[in-house]
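# Per-entry structural report
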Amino acid sequence: MSNRDNSDLTMAIERLLQYGIQNSIIDREDITYTRNKLLALFDLDMPYKGDMKATSVPETATPILEELLDYAYELGLIPQNNLTYRDLFDTKIMGALMPKPSEIIRHFQNIKDTQGIEKATDYFYELCQKCDYIRVSRIAKNKKWDYESPFGRLEITINLTKPEKDPREIAALRDAVQVGYPKCVLCPENVGYRGRLNHPARQTLRTIPIDLHGERWHLQYSPYVYYNEHCIVLSEEHVPMNITKKTFKNLLSFLDHFPHYFIGSNADLPIVGGSILNHDHFQGGRYTFPMEVAEVEYSMQSADCLDVNIGVVNWPMSALRLSSNNIHNLIDICTNILNTWRSYSDPSIDIIAESKDEFDNSIPHNTITPIARKNKKGEFEIDLVFRNNRTTDEHPLGIFHPHAPLHHIKKENIGLIEVMGLFILPGRLKEELASIKAILMGDYTVDRIKDVDHPLNKHSYWIEELISCYGNRLNSAKAQKVIENGVGKKCTQVLVDAGVFKTTPNGREAFNRFLSTCNILPL
């Protein structure tokens, strides 16, 4: 690298130091120490000697990091100039600025003690954004809109925060050595971990330890937040997901610590659970989801717990809302419902509690997605969403899973976030929906879309349906609205498919039959 280029590199390092000072990531007393760490990272002997007074500092670290990553590639510090290697190295750069975990925990606790828990989470969330652990610049690229469904508003996001990997990266991941440390991406051992091709770098990850009923858990934020203050609460132990009475205790215990957050758990079975079943964890945050504001369709009552309010929610998935100031009764009735549901069958609506594998081992099918919050009355409130993961030849991915006609939009598991009405759709839809919009405007030919190798083949029947209804001479605004509403209808049907008790009269009758076995009856 020439002297001029070397000067540009050291200037970029100084800009990053200024960014760290301005955003309270580092203190002025630490600037020399941090500068030397960054110089060593780039194998440099001398810092920048010029005047930095007129240098502006960007809103996020991304522009500076992109410049430093380009230099890193030129210097041979990263072997390939692709997303995986750039992410590994830029996290290493920002890790050089990060305070130690103990310092952040002490500062969080001090703010909590002197200013309250909301100010403490404000501090921690802002730090995670400013250090680029939360990829703010990428998240801003997501496409979002709302859709008014018969059940209320749904929120739809096309997720662009995780760009698709190129074929060389995919091949490298396939051949990467399986290390086994950390055991998974949720283990506390990820804090400060350098990462590798098949495991993200986590030098900027910090967690806040919390006590849930005598067990040590950790709160961290998701690096790809899907909603405001999207946090993950994870067990210190690498133990699998398991919804039990302890789950309800832990959820409500979390609300004692963080009453301004909601908290929920993915289900603990394949197909209806989240993407990580081998490490017990919850997801929460400061956000109001569409399901939370959905009204109670009709009220119920338990003779065993008269001080617990119960209602069936007007929602396409089968949701029961329970609220009370009596935590013990609330936990007991939720546990009774869960245990009854685990063994409940109603073949008339395809609900079978368990089946047998080829070795005559029992395979459970029924579970629950629980979500807890403090409601406007200050009561503890839990929504229980009933799930079943049975498959058939007709529905090999799940009876209560998006059915095949919807897979061109949403094929993945319906986890906690979608259950509550926020859809995270695959990034491929950005270009595919743009092409469909062009068809509706008459700017794109529909020839050969039924060819299996055509990029829009999976959407071909939907495209024909849209043209039949709206034609192909729409203006841009109208075409965009048709696309957004069309996707919204598909997302609504996704939730309908995933509901075990449908919102029809027969479905509500079946729901009441089950609830009666829990000694819960309509008022």
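Let me sum up the structure you'll find in this document. Everything numeric here is computed off the predicted structure, so don't read it as measured data. (Residues numbered from 1 in each chain as written. Predicted model: local features only at pLDDT ≥ 70, side-chain atom pairs only at ≥ 80, totals over all residues. Heavy atoms only, no water.)

### A word on the overall build of the chain
The secondary structure content of the chain amounts to 16 helices and 16 strands. Taking 2.2 N^0.38 as the reference for a compact globule, 523 residues should give roughly 24 Å; the C-alpha atoms of the chain span a radius of gyration of 26 Å, in line with that estimate. Dimensions of the chain, computed from the C-alpha atoms along their principal axes, are close to 80 × 65 × 50 Å. Counting every atom, the chain has about 24,000 Å² of accessible surface; 49% of that belongs to carbon and sulfur. The centroid of the 59 positive side-chain charges in the chain is displaced by 2 Å from the centroid of its 68 negative side-chain charges. (Helix = DSSP H or I, 4+ residues; strand = E, 2+ residues; numbered from the N terminus. Rg over C-alpha atoms; globule rule 2.2 N^0.38 Å. Areas by Shrake-Rupley, 256 points an atom, 1.4 Å probe, with all protein chains shown as cover. Lys, Arg positive; Asp, Glu negative; His and termini not counted. Charge placed at Lys NZ, Arg CZ, Asp CG, Glu CD.)

### Digging into the environment of Glu236
For Glu236, the position within the fold is in the loop between strand E5 (231–235) and helix H9 (245–257). The exposure class assigned to Glu236 is partly exposed, which follows from its relative accessible area of 30%. Along the chain, Glu236 and Ile210 lie 26 residues apart, while their C-alpha atoms are 9.9 Å from each other. Setting aside residues up to four positions removed in sequence, Glu236 forms contacts with Pro188, Arg216, Trp217 and His218. (Buried < 20%, exposed > 50% of the residue type's maximum accessible area, 1.4 Å probe, protein only. Contact = heavy atoms within 4.5 Å.)

### What about the sheet that holds strand E2 (residues 152–158)?
Strands pair in a sheet through their backbones, by hydrogen bonds, and they do so in one of two ways: parallel or antiparallel. With mixed pairing, three strands are arranged side by side in an open sheet as E1-E2-E15. Of all strands in the sheet, those with a lone pairing partner are strand E1 (143–149) and strand E15 (422–425), marking the two edges. Sheet twist, expressed as the mean angle between neighbouring strand axes with direction ignored, is 25 degrees. Sheet topology note: the E2/E15 ladder contains four bridges and is parallel. Its bridge partner being in E15, Ile156 is matched across the sheet by Phe423. Sitting on the sheet, helix H13 (residues 429–440) touches E1, E2 and E15, and the angle it makes with E2 is about 110 degrees. (Pairing = 2+ DSSP bridges. Axes fitted to C-alpha atoms, helices over the stretch in contact; angles between N-to-C directions.)

### Here we look at the nonpolar core
Ranked by internal contacts, the top residues of the largest apolar core, which has 98 residues, are Phe42, Val233, Phe254, Leu322, Ile337 and Phe386. Once residues lying within four places of it in the same chain are set aside, the contact partners of Leu322 are Val308, Asn309, Ile310, Leu330, Ile333, Cys334, Ile337, Phe380, Glu381, Ile382 and Leu384. Among the nonpolar cores identified, the runner-up in size contains 49 residues, and Tyr226, Ile409, Leu422 and Ala498 belong to it. (Core = buried A, V, L, I, M, F, W, Y, C linked by side-chain atoms within 4.5 Å.)

### Some remarks on the pairing of strand E13 (residues 366–374)
With eight of nine residues buried, E13 is to be regarded as a mostly interior element. Pairing analysis gives two bridges linking strand E6 (residues 262–264) to E13, with the strands arranged antiparallel. Residue pairing across strands places Gly264 opposite Ile371, the latter belonging to E13. As paired elements, E13 and strand E14 (residues 380–388) share nine bridges and run antiparallel to each other. Across the sheet, Ile371 pairs through a bridge with Asp383, a residue of E14. Where E13 folds back on E14, the antiparallel hairpin that results is connected by five residues, among which Gly378 adopts a positive phi of roughly 85 degrees.

### What about the packing of helix H14 (residues 460–470) against helix H15 (residues 476–498)?
Packing of H14 against H15 brings their axes to within 12 Å, and their N-to-C directions diverge by 125 degrees. On the basis of the axis angle, H14 is oblique to H15. Seen from above, H14 lies across H15 with right-handed handedness. Contact with H14, carried on its side by Trp462, Leu466 and Tyr470, involves Val482, Ile483, Gly486, Val487, Lys489 and Lys490 of H15 and no other residues of that element. Partitioning the contact of H14 with H15 into residue classes produces six nonpolar, one polar and two charged. (Parallel < 35°, antiparallel > 145°, perpendicular 65-115°, else oblique. Left-handed = near helix turned anticlockwise from the far one by under 90°. Nonpolar A, V, L, I, M, F, W, Y, C, P; charged D, E, K, R; others polar.)

### Considering unusual backbone geometry
A negative phi angle is the norm for most residues apart from glycine, just as the trans form is the norm for most peptide bonds. Residue Pro182 is reached from Tyr181 by a cis peptide bond, and omega for that bond is -15 degrees. Even without a glycine there, the phi angle at Ser24 is positive, about 60 degrees. Here Ser24 shows up in the loop between helix H1 (3–22) and helix H2 (31–41). Note on Ser24: relative accessible area 58%, which makes it exposed.

### A closer look at the side chain of His218
By secondary structure assignment, the location of His218 is in strand E4 (residues 215–221). Apart from the residues within four sequence positions on either side, His218 is in contact with Pro188, Thr207, Ile208, Pro209, Ile210, Ile232, Val233, Leu234 and Glu236.

### As for the environment of Glu295
Note on placement: Glu295 falls in the loop between helix H10 (290–293) and strand E8 (296–302). Classification of Glu295 as exposed rests on a relative accessible area of 63%. For Glu295 and Asn314, which are 19 residues apart along the polypeptide, the C-alpha to C-alpha distance reads 5.8 Å. Leave out the neighbours within four places in its chain, and Glu295 touches Val312, Val313 and Asn314.

### Thoughts on the side chain of Asn266
Relative to the helices and strands, Asn266 resides in the loop between E6 and strand E7 (281–285). Exposure remark for Asn266: the relative accessible area of 8% places this residue in the buried category. Separated by 2.6 Å, the side chain of Asn266 and the backbone nitrogen of Leu416 make a polar contact. In this structure, Asn266 is in contact with Met241, Ile243, Gly273, Gly274, Gln283, Gly415 and Leu416, ignoring residues within four places of it in sequence. (Polar contact = N/O pair within 3.5 Å; in protein donor to acceptor, adjacent residues only side chain to side chain.)

### Considerations on a negative patch on the surface
A cluster of acidic side chains, namely Asp27, Glu29, Asp30 and Glu103, defines a negative patch on the protein surface. Residue position: Glu29 is located in the loop between H1 and H2. What makes Glu29 exposed here is its relative accessible area of 69%. (Patch = residues over 30% accessible without salt bridge, like charges linked within 9 Å, V, L, I, M, F, W, Y side chains within 5 Å. Salt bridge = Lys/Arg side-chain N within 4 Å of Asp/Glu carboxyl O.)

### Digging into the pattern of salt bridges
Think of it this way: side chains of opposite charge can pair up when their charged atoms draw near. In total, this model carries 32 salt bridges according to the counting rule given. Salt-bridge contacts for Asp132 lead to Arg135; the nearest nitrogen and oxygen are separated by 3.4 Å. With relative accessibility at 9%, the residue Asp132 sits in the buried group. Residue Glu215 is joined to Lys246 by a salt bridge in which the shortest nitrogen-to-oxygen separation is 2.9 Å. Highlighted residues: Glu215 in strand E4 and Lys246 in helix H9, separated in sequence by 31 residues. Via salt bridges that share partners, Asp87, Asp90, Asp132, Arg135 and Arg138 belong to a single interconnected network.

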